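Close look at the chain arrangement
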Amino acid sequence: MTESPVTVQTFFERARGGTLTGIRCGGCGALAIPPKELCPECGQRAWSPVALSGDGAIASFTVIRVAPRGHAGDAPYAIAAVRLAEGVSVLGRVVDVPLDQLAVGLKVRFRPLVVRDRSAIGFGPA
Ligand SMILES: [Zn+2]
């Protein structure tokens, strides 16, 4: 009984639709952010998709002041590692939070984001 694996593409497709998707190991129950080949806990490959709440708190962040080529108009902006309520962390772009109010521990909530025509993971105020 294996479901189709969650790829990077489906991860972002689901995110665009408003659902942040994790994967749970059928072997040991560990939760991870896709994609992952083997479970880092038990070495099995038995992932099933699971919807995450999208609620979390900033674990660390970086303010991008010199943006990559093609994103010059976006800077400055913040990328954060967000520790989700379920215990896994995911990288996302912080929106609608003034940069001088960013702080480790700040509560945020997932929101779908499209950057340059591509789905992206965003986090806004909780
Ligand atoms: Zn496992």
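Scroll up a little and you will see the structure.
These numbers come from a predicted model, not from an experiment.

Next up on the list: the nonpolar core. Ranked by size, the top nonpolar core spans 27 residues in total, and within it L20, L84 and F123 carry the most contacts. Here this core spans two domains, and each of domain 1 (8-52) and domain 2 (55-125) adds at least three residues to it. Setting aside its immediate chain neighbours within four residues, L20 contacts F11, V50, A51, L52, G54, L84, V90, F110, I121 and F123.

Below, the discussion takes up the coordination of the zinc ion. Bound to the zinc ion are the protein donor atoms C25 (SG), C28 (SG), C39 (SG) and C42 (SG), situated 2.3 Å from the metal. Bound by four donor atoms, the zinc ion shows angles of 101 to 116° at the metal and therefore tetrahedral coordination geometry. Counting along the primary sequence, the residues that act as donors to the zinc ion give the motif C-x2-C-x10-C-x2-C. A residue pair is termed long-range when its members are at least 10 positions apart, and C25 in strand β1 (residues 20-25) and C42 in the loop between β2 (31-32) and β3 (47-52) qualify at 17 residues.

Applying the stated criterion across every chain, the model contains five salt bridges. The partner of E37 in a salt bridge is R45, and the shortest N-O contact between them spans 3.1 Å. There is no split in this pair, since E37 and R45 are both exposed. The residue R111 makes a salt bridge to D96 at a minimum N-O spacing of 2.6 Å. You can see R111 sitting in strand β7 (residues 107-115) and its partner D96 sitting in the loop between β6 (89-94) and β7, a full 15 residues away along the chain. The exposed category is assigned to D96, whose relative accessible area is 57%.

Conventions we followed
- Throughout this description, residue numbers start from 1 for each chain and increase along the sequence as written.
- Totals for whole chains, interfaces and linings use every residue, but because this is a predicted model, local features are given only for residues with pLDDT of at least 70 and side-chain atom pairs only at 80 or more, for both listing and counting.
- Only hydrogens and water are removed before side-chain values are computed, so all heavy atoms of the structure are retained for them.
- We call a set of buried residues a nonpolar core when its members are Ala, Val, Leu, Ile, Met, Phe, Trp, Tyr or Cys and they connect through side-chain atoms within 4.5 Å of each other.
- The buried label goes to any residue with under 20% of its type's maximum accessible area, the exposed label to any with over 50%, and the partly exposed label to all in between, with areas taken from a 1.4 Å probe on protein chains only.
- For every domain, the bounds stem from an assignment made automatically or drawn from a database.
- The contact criterion used is simple: two residues touch if any of their non-hydrogen atoms lie within 4.5 Å.
- Here a donor is any nitrogen, oxygen or sulfur atom (N, O, S) within 2.8 Å of the metal, with 3.2 Å used for Na, K and Ca; water is not among the atoms considered, so some sites may look incomplete.
- Any site counts as irregular unless it has four donors with all angles between 85 and 135 degrees, making it tetrahedral, or four or six donors with opposite ones more than 155 degrees apart and the rest between 65 and 115, making it square planar or octahedral.
- The way it works is that DSSP assigns letters per residue, a run of H or I at least four long becomes a helix, a run of E at least two long becomes a strand, and they are numbered from the N terminus.
- In the sections that follow, a salt bridge refers to a side-chain nitrogen of Lys or Arg positioned within 4 Å of a carboxyl oxygen of Asp or Glu.

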